[in-house]
Amino acid sequence: MDWQREAWYYFDVIGELRGPLVWIANAVSQADVHATALDPDTGKPTGPSEDPRASAAAAQVLGGPARRGGLLKVLALCWQVPGEAWLIVRAGTGGRPDEWIVLPPSKVKAKGSGEQATWQYTDPRTGAEQLLEPSARLFRVWSPHPADYIQADSAVRPALPICREIEKASQNIAARLDSRLSSAGLLALASDLDFPAGEHETSAMAFMDELLAAAEVGIKQPGTAAAVVPLVFNAPSEMIASGGAAQFIDTATEFVASVVDLRDNALSRLAATLDMPKDVAEGTQGEANHWSAWQVEESTYKIFIEPLLKEIGDAITEQWFRPALIAMGMDKDQANRFELGWDTTAIVARPDDTENLRDLHDRLLISDDYMRDENGIPEDAKPSQEEYTRRFFERAATTAPSILSDPNVAKAIGLEVAVAPAAAGVAGEIEGGELEPSPPAASNALPERAEPEPEQVPDGLVAAAEVLARQALSYAGGRLLTNQNRGQFKDVERHELYQHIRPTDPASLVKVEFADGVAKAYSMDPKRLQVALDVYVTHLLAKGVPEDSDLLRRTLRLVRP
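These remarks concern the structure in this document. (Residues numbered from 1 in each chain as written. Predicted model: local features only at pLDDT ≥ 70, side-chain atom pairs only at ≥ 80, totals over all residues. Heavy atoms only, no water.)

Concerning the overall build of the protein
Helices and strands together make up the secondary structure of the protein, namely 21 helices and 15 strands. The burial tally for the protein puts 36% of its 561 residues in the buried class. Within the protein, contacts between residues separated by at least 24 positions form 63% of all contacts whose residues are at least 6 apart in sequence. Here the protein displays about 33,200 Å² of accessible surface, and carbon together with sulfur accounts for 52% of that area. (Helix = DSSP H or I, 4+ residues; strand = E, 2+ residues; numbered from the N terminus. Buried < 20%, exposed > 50% of the residue type's maximum accessible area, 1.4 Å probe, protein only. Contact = heavy atoms within 4.5 Å. Areas by Shrake-Rupley, 256 points an atom, 1.4 Å probe, with all protein chains shown as cover.)

Shown next as structure tokens:
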């Protein structure tokens, strides 16, 4: 249609229109396609399918990974400029995959009608007219006009009057520049100047001819003296004194600044008209963020890009994907349970939530697996249980160096240290790195019968348990914060908030994690250690009292083997 041809024309001649349209198309071209299964009850997609036939068919969409990006870019530009595109899928021969072609509406034509109708298209590689093969598939993807569904519509269509203004304003400015280059005004010369007339009728005409010749030399050879040496002529002294020998008449009006303002205003209106964020249309998106070349905010994707991908996916699903599944052995009902979905990981730029994620992870509000997924860390980067235990104690040792004297901690970290007798709870001397009990003191008195002393809790276990308990208290503190009280306790550490905000149900706030590694290091039953820590943290929350190392030690003693 005429408006579509005009839209392509302005796409070619107005850079402020072309730039943002190409930017959106580049973003769309980064999408990847996959087969997705539909929920039989709701009909909604459930995510990438593992069905081998569906996955194999989806891998061939739009020419496969090698050509998909380029064809998606053409589709996105056709969607934005003429509002429609034609897809041609030519059946592959000799075991080769199908060939996909994307064309604008001007490159596809129908000939005849009824059973005699044929379709012709312009081959994008040769430019020659081709007759559509009977085995090929031809289908249309278009942005429907709300008043006439079969007609195409686009964001550029209502911007055409604005584009005309921009073009005319630019032409006006260019014409004024050309005018200033071709004529800088008029020079009136007195007829009684003393200048050799030569072949000219008057001296003035001879002077003009000489002036133009000098100007031509100055333009062609700007680095020569002819460009700067003035012309010399004679004139009566009284005429020179009065300035009447020659008079310059500037024919150029003052440069009309309003034309530039009109063009700038039209460009602003164009940015507001296009179907994209205004900062993208104005080309200022790179000044406001640190996205990569194609990435967009999630809101931009949802509003401006997802509808295009949805239309493309639905059209290909109906016209090629499901028929391909049937050709691969599925029945119609099975094929209808699949559709094409899009992986937009490369398009959507999520805000940098690293600090927030780290804070939530430290407060035990998100899991290790979620933290890894959000930062793009593969599963095989997860530390083993032994490594986790070692690093846990290394971290604990930075706040409580005394735990290094504990043999279990030293063993977990991999240090070869001599353990002081006091750390083991007995008297003795160290010789050669081995602990030997000191001989009992001589006594003439008979030994008295005494109750056995309870086994001492290693300092390292207490220190590790304190770390776990403090993490649990930090988690509880985070749960106690609300929008109403959040600003009242800015100077209070998260693990101490329970002393200021009394919980109504302390037990519901208790969440002790990572106790298994500590229990393994001290040959304890993980469940018994978990119970002890739960009891200790619940007691602190219920009473609102500060942390108590002695109370924690006594609690741990009850569950020690």
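From this point on, the discussion continues.
With respect to the sheet that holds strand 3 (residues 84-90)
Spatially, 4-3-8 is the arrangement adopted by the 3 strands of the open sheet, whose pairing is antiparallel. In the strand order of this sheet, the two ends are held by strand 4 (99-103) and strand 8 (137-142), each with one partner. Looking at each pair of strands side by side, their axes are set apart by 20° on average, direction ignored. As paired strands, strand 3 and strand 4 are joined by 5 bridges and run antiparallel to one another. Pairing of W86 across the sheet is with L103, part of strand 4. (Pairing = 2+ DSSP bridges. Axes fitted to C-alpha atoms, helices over the stretch in contact; angles between N-to-C directions.)

Considering the packing of helix 18 (residues 459-480) against helix 20 (residues 526-543)
The contact between helix 18 and helix 20 brings their axes to 10 Å, and the two run at 50°. When the axis of helix 18 is compared with that of helix 20, the two are oblique. Once helix 18 is placed against helix 20, the crossing between them reads as right-handed. Of the residues in helix 20, those in contact with A465, L468, A469, A472, L473 and A476 of helix 18 are L533, Y536, V537, L540 and L541. Class assignment of the residues belonging to the contact of helix 18 with helix 20 gives a composition of 11 nonpolar, no polar and no charged. (Parallel < 35°, antiparallel > 145°, perpendicular 65-115°, else oblique. Left-handed = near helix turned anticlockwise from the far one by under 90°. Nonpolar A, V, L, I, M, F, W, Y, C, P; charged D, E, K, R; others polar.)

Points about the side chain of E84
Tracing the backbone through its elements, the reader meets E84 in strand 3. E84 sits in the buried class, given a relative accessible area of 9%. One polar contact links E84 to Q4, side chain to side chain, over a distance of 2.8 Å. (Polar contact = N/O pair within 3.5 Å; in protein donor to acceptor, adjacent residues only side chain to side chain.)

Examining the packing of helix 1 (residues 2-13) against helix 2 (residues 15-29)
Closest axis-to-axis distance for the helix 1/helix 2 pair is 6 Å, and the angle between their directions is 95°. By the criterion of interaxial angle, the relationship of helix 1 to helix 2 is roughly perpendicular. Where helix 1 abuts helix 2, its residues Y10, F11, D12 and V13 lie against G15, L17, R18, L21 and V22. Looking at side-chain class alone, the contact of helix 1 with helix 2 contains 6 nonpolar, 1 polar and 2 charged residues.

Remarks on unusual backbone geometry
Most of the time, phi is negative for any residue but glycine, and the peptide bond is trans. The residue L62 is not glycine, and still its phi comes out positive at about 55°. Within the element layout of this structure, L62 appears in the loop between helix 3 (52-59) and helix 4 (65-80). Look at L62 and you get buried, because its relative accessible area is 0%. At F514, a position not held by glycine, the phi torsion is positive, near 65°. Considering the arrangement of structural elements, one finds F514 in the loop between helix 18 and helix 19 (515-521).

A few points about the sheet that holds strand 7 (residues 129-131)
Taken in spatial order, the 3 strands make up an open sheet running 5-6-7, and their pairing is antiparallel. Each having just a single partner strand, strand 5 (108-111) and strand 7 make up the two edges of the open sheet. Within this sheet the neighbouring strands show an average axis-to-axis angle of 30°, counted without direction.

Topic: the pairing of strand 13 (residues 338-343)
Of all 6 residues in strand 13, 5 are buried, a share of seventy percent or more. Where strand 1 (residues 32-38) lies against strand 13, 6 bridges are found, and the strand directions are antiparallel. Looking at strand 13, one finds that D32 is bridged to D343.

Some thoughts on helix 3
For helix 3, the full list of buried residues reads A54, A57 and A58. Down the axis, helix 3 shows its buried residues gathered within 100° of arc, on one side only. Where helix 3 starts, the residue carrying a side-chain oxygen 3.0 Å from the main-chain nitrogen of R53 turns out to be D51. (Arc of directions from axis to C-beta.)

A closer look at the environment of E16
Secondary-structure assignment places E16 in helix 2. A residue is classified by how much of its surface remains accessible, and E16, at 41% relative accessible area, is partly exposed. Between the C-alpha atoms of E16 and A281, which are 265 residues apart in sequence, the distance is 7.8 Å. When sequence neighbours within four positions are dropped, the list of residues in contact with E16 reads L267, L270 and A281.

With respect to the packing of aromatic side chains
Evaluation of the coordinates by the stated rule reveals 5 aromatic pairs. With a centroid separation of 5.5 Å and 85° between ring planes, the pair formed by W8 and F11 is classed as edge-to-face. Placement of the pair is W8 and F11 together in helix 1, with a separation of 3 residues, close to one helical turn. Assessed through its relative accessible area of 23%, W8 is described here as partly exposed. Residue classification places F11 among the buried residues on the basis of a relative accessible area of 7%. Between the aromatic rings of Y9 and Y10, the centroid separation amounts to 5.1 Å while the plane-to-plane angle is 65°, which identifies the pairing as edge-to-face. You can call Y10 buried: its relative accessible area is 5%. Taking NZ or CZ as reference, R140 lies 4.3 Å from the ring centre of W142, over its face. (Phe/Tyr/Trp six-rings, centres within 6.5 Å; stacked < 30°, edge-to-face > 60°. Lys NZ or Arg CZ within 6 Å of the ring centre and 35° of its normal.)

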